[in-house]
Amino acid sequence: MTVTTTTSTAASAAVGTSHTRVEGRDKVTGAARYAGEVPLAGLAHGWLVVSTIARGRIRAVDTAAALAMPGVLTVLHHGNAQPLESGYDGPMGTPDPALQVFQHDRVPYAGWPVALVVAETSEQAREAAESLVVEYDEEPHDVAFGVGHPGTYLPESNPRFATEATKGDLANEFAASAVVLDAEYSTPEEHHHPMEPHAATAHWANGRLEVIDSNQGSMFVARELALLFSLDPAAVRVRSEHVGGAFGAKGCRPHQVAAALAATVLHRPVRVVLTRRQMFSLVGYRSPTAQRVRLGADPDGRLRALHHEGLNQTSTVHEFVERSADVARAMYDADAHHTVSRVVRLDVPTPTWMRAPGEAPGSFALECALDELAEKCGVDPIALRARNEPEVGPISGLPFSSRRLLACFDEGARRFGWADRDPRPGVRRDGRWLLGTGTAAASFPTLAGPSTAAVTAEADGTFTVRITAADVGTGARTALTLVAADALGVAPERVVVRIGDSDFGPAMIAGGSAGTRSWSWAVELAARDLRAQLALGGSIPPQGITVRSDTTEALGALPPRERHAFGAQFAEVAVDVATGEVRVRRMLGIFAAGRIVNPLTARSQLVGGMIWGLSMALHEEAARDAAFGSHVGADLAGYHVAANADIPLVEADWVDDPDEQDPVGVKGIGEVGIVGAAAALANAVWHATGVRHRQLPIRPDRVLTAGTALG
Ligand code: MOS
């Protein structure tokens, strides 16, 4: 066929119209295979054994009894595992020692992987793993997180993240402030718990280590494994076709490494699936935070001084900083501005990114503090934010690529009915319920990572896109289909997007809300190039015509700007004065997040984020037992995630947010939905009861203990 017929269609406009997921039918019919269920001949099953102590040394692993059990093939542990190099935790910049599985006898926290039992069946592996006797020399541990811990330190800044930022004279501006607020806020340890547990199957094929995985970036996992096993990067292939949720927890983790170790020893495929309980210690979590916000303002609410400090915990083996204090650097200006994040090392697993790392807990403190300041000044909370709207980045001094925060508040206030709100707290009753409404702002940085893509014009008139993207349930595969279709000028039905294969080349991970932004950039570049080539005419050979792109240069040429998505959160709650229960009656979020590629799945992303915010505000809390150093109730019964019965009417929508200067225009929507949501709810609880809740979650017992301003 001639190429003119393939490109003659008028430019389609798939982007911006709603499309169901292209793999939706496969998923709901069960045809889609997840990492833990891909069939493989000769598959063996590994079961991880994790430490029962929180600190100490492994004295002995007695494998004889386990090895004699039915079906058991091997038991790997520090005494027999092959040496590994240190991996490279890319985004963090330093190797994560937790990936060096079974390399030494030290136990730095409860739930540390100490052995892998491999057997013919999963049940046999589990039974042997549970009967494996591991002896320890236990040492005293410290898992007590809190302000004033002597181990607190200021982490070093790195190029991506300054731990401290200062401007102006804080003491002077506080002294000159007519109104001062000084409040402490805390958030608990929270866990990602995607529906699909982590699972990896490793095997050697044609001299290559192949891993079938569930991750946020196959290229990233492949690179880690190549480093750990001293392999040529081309000798590792990681695939991750379907992912049942990730939220920051699905990078390279001990189970992929353990599976690869076992596959190497046994010369057959080995699968390791994590249990829900193991996920509490093996895949990262959101650190608890202790935060202090001090605000100094003129009587009208204009900020003179803004001070936000955050503290989080990390492990003794690796540093992770939860950047709670960062969010103020883009949100509000003040004559004096000081934000700092500190860390304390404890005998706990290393935390990691979890949906809106930094912004989620940070916005809870900052946006509650703004609400408290509004109350003190007698200014409407939205008017207070408008009064402190910066012209340029408060710390960077850079212009915003676009900033439509106030447009979000305007539209949200109109739809929520904010204008009729009586600002007095504790004056609305509905039977035994006290009613209140609250609002908060949201923002999340607009990031991008270098990515490559290949687009092929097939001889049959279809197009194939290949990119190492990850669809972690967001609808990214569908979004890229629409982007490619528009760039090629064809209907989406003629485009097949293949993702989740490290052989497709380097690409951004599904993280930082930057996946679709980064990948669509690469896909668009390649597709436009291909379209131009096809326009020159000629026929398509049987193997097709392939054009590749790489955004590294274009990304480097982006002018420095403050790039963020914004949003305004609104919530209405009812508080039961007899039981202390908080019921959410409705939530509304209005966002400004650039070009919305697929409104159907975009709305799901934003609503999902807001529901996480509700869950964070009212339910989620991982409790650590001081005596054992491990979790109490390490399952989804003990750790309650908001369920259908907890969720009221949640609406998300957006305002136009064009950015003509941006080569992509897509801002990312995976995380901004949770930002500010917990603060809007906490502010609504105050409006209902007259009592400020600065500690999350706002549990019934805490509501009862705090009482109401009504007495
Ligand atoms: Mo997400 S916490 O950026 O993986």
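Conventions used here
- Residues numbered from 1 in each chain as written.
- Predicted model: local features only at pLDDT ≥ 70, side-chain atom pairs only at ≥ 80, totals over all residues.
- Heavy atoms only, no water.
- Axes fitted to C-alpha atoms, helices over the stretch in contact; angles between N-to-C directions.
- Helix = DSSP H or I, 4+ residues; strand = E, 2+ residues; numbered from the N terminus.
- Left-handed = near helix turned anticlockwise from the far one by under 90°.
- Contact = heavy atoms within 4.5 Å.
- Nonpolar A, V, L, I, M, F, W, Y, C, P; charged D, E, K, R; others polar.
- 1 Å grid on protein atoms, 1.4 Å probe; cavity = no way out; pocket = protein on both sides within 12 Å on 5 of 7 lines; lining within 4 Å.
- Points joined across faces, edges and corners; volume = space filled by probe spheres on them.
- Salt bridge = Lys/Arg side-chain N within 4 Å of Asp/Glu carboxyl O.
- Buried < 20%, exposed > 50% of the residue type's maximum accessible area, 1.4 Å probe, protein only.
- Core = buried A, V, L, I, M, F, W, Y, C linked by side-chain atoms within 4.5 Å.
- Pairing = 2+ DSSP bridges.
- Disulfide = S-S within 2.5 Å.
- Expected span 1.5 Å × (residues − 1).
- Parallel < 35°, antiparallel > 145°, perpendicular 65-115°, else oblique.

Undergrad: I'd like a rundown of the packing of helix H10 (residues 359-377) against helix H17 (residues 677-689), residues and numbers included.
TA: One way to put it is that H10 packs onto H17 with a least axis distance of 8 Å and a crossing angle of 35°. The chirality of how H10 crosses H17 is right-handed. Each of Ser363, Phe364, Glu367, Cys368, Asp371 and Glu375 in H10 lies in contact with H17, whose residues at this interface are Ala678, Ala679, Ala682, Asn683 and Trp686. Residue classes in the contact of H10 with H17 are distributed as six nonpolar, two polar and three charged.

Undergrad: Please give an account of the layout of surface pockets that cites residues and values.
TA: Over the atoms a probe the size of a water molecule is rolled, and this reveals where empty space is left. Here the second largest pocket defines a volume of roughly 540 Å³. As for the second largest pocket, its lining consists of 23 residues, of which Val50, Ser51, Gly111, Arg277 and Gln278 are closest to the centre. Those elements that place two or more of their residues in the lining of the second largest pocket are strand S1 (44-50), helix H4 (122-131) and helix H8 (276-282). Partitioned by chemical class, the residues of the lining of the second largest pocket number ten nonpolar, nine polar and four charged.

Undergrad: Explain the pattern of salt bridges residue by residue, including any values.
TA: Enumeration according to the criterion identifies 52 salt bridges in this entry. The salt bridge partner of Asp326 is Arg323, with a shortest N-O separation of 3.4 Å. Residue Arg699 is joined to Asp701 by a salt bridge in which the shortest nitrogen-to-oxygen separation is 2.8 Å. On the accessibility criterion, Arg699 (25% relative accessible area) is partly exposed. Overlapping salt bridges, with partners in common, bring together Glu173, Asp298, Arg302, Arg304 and Asp335 in one network.

Undergrad: Can you break down the nonpolar core residue by residue, with the values?
TA: With 87 residues, the main nonpolar core has Tyr185, Leu295, Phe570, Val573 and Met587 as its most contacted residues. A per-element tally of this core places H10 first, with ten residues. Not counting residues up to four positions away in its chain, the partners in contact with Leu295 are Phe174, Val179, Val180, Leu181, Leu303, Ala305, Leu306, Ala369, Leu370 and Leu373. Of all hydrophobic cores here, the second largest spans 45 residues; its members include Ala246, Ala510, Leu530 and Leu534.

Undergrad: Just give me the short version of the sheet that holds strand S4 (residues 106-107), but keep the residues and values in it.
TA: As summarised here, the arrangement of the three strands in space is S4-S2-S6, forming an open sheet in which the pairing is antiparallel. Of all the strands in the sheet, just S4 and strand S6 (133-138) have a single pairing partner and so form its edges. In this sheet, S6 lies alongside strand S2 (residues 56-62) in antiparallel orientation, the contact comprising six bridges. The residue of S6 that forms the bridge with Asp62 is Val133.

Undergrad: Residues and numbers for the state of the cysteines, please.
TA: Tallied over the entire structure, the rule returns zero disulfides. A disulfide-free cysteine, Cys368 has its sulfur positioned 16 Å from the sulfur of Cys377, the nearest such atom. On the basis of relative accessibility, which here comes to 4%, the residue Cys368 falls in the buried class.

Undergrad: So, empty space enclosed by the protein: which residues are in play, and what are the values?
TA: Counted by the stated rule, this structure contains three cavities of 30 Å³ or more. Residue lining of the largest cavity: Ser401, Thr446, Arg517, Arg563, Gly594, Asp657, Asp659, Asp662, Gly665 and Lys667, and that is the complete set. By residue class, the composition of the lining of the largest cavity is no nonpolar, four polar and six charged. Approximately 40 Å³ is the volume found for the second largest cavity. For the lining of the second largest cavity, the secondary-structure elements that each account for two or more residues are H10 and H17. Its residues assigned to classes, the lining of the second largest cavity shows three nonpolar, two polar and three charged.

Undergrad: Tell me about H17, residues and numbers included.
TA: In this model H17 runs 19 Å from its N-terminal to its C-terminal C-alpha over 13 residues, within 8% of the 18 Å that 1.5 Å per residue would give. Most of H17 sits inside the fold, with 13 of its 13 residues counted as buried.

Undergrad: Give me the lowdown on helix H7 (residues 254-266), citing residues and values where you can.
TA: If you check H7, its first and last C-alpha atoms are 18 Å apart, about what 13 residues at 1.5 Å a residue would give, namely 18 Å. For H7, the buried fraction is high: ten of the 13 residues fall into the buried class. Of all the positions in H7, only Pro254, His255, Gln256, Val257, Ala258, Ala259, Ala260, Leu261, Ala262 and Ala263 are classed as buried. Once H7 ends, the next one or two residues include His267, with phi positive near 55°.

Undergrad: So what's going on with the pairing of strand S23 (residues 564-576)? Residues and values would help.
TA: With 13 of 13 residues buried, S23 is to be regarded as a mostly interior element. Judged by which residues are buried, S23 turns out to be covered on both faces: His564, Phe566, Ala568, Phe570, Glu572, Ala574 and Asp576 on one side and Ala565, Gly567, Gln569, Ala571, Val573 and Val575 on the other are all buried. The pairing of strand S18 (residues 433-445) with S23 spans 13 bridges and is antiparallel. The residue bridging Leu435 from the neighbouring strand is Ala574, located in S23. Sheet topology note: the S23/strand S24 (residues 582-592) ladder contains ten bridges and is antiparallel. By the bridge assignment for S24, Phe570 is matched with Leu588.

Undergrad: A description of the packing of helix H13 (residues 476-488) against helix H14 (residues 515-535) should follow, citing residues and the corresponding values.
TA: To describe two helices that pack against each other, one gives the angle between their axes and the distance between the axes. The N-to-C vectors of H13 and H14 enclose an angle of 30°; their axes lie 8 Å apart at closest approach. Judged on the interaxial angle alone, H14 and H13 are roughly parallel. Along this stretch, H13 crosses H14, giving a crossing that reads as right-handed. Between H13 and H14, the residues in contact are Ala476, Ala479, Leu480, Val483, Ala484, Asp486, Ala487 and Leu488 and Thr516, Trp519, Ser520, Val523, Glu524, Ala527, Arg528, Leu530 and Arg531, respectively. Residues that form the contact of H13 with H14 fall into these classes: eleven nonpolar, two polar and four charged.

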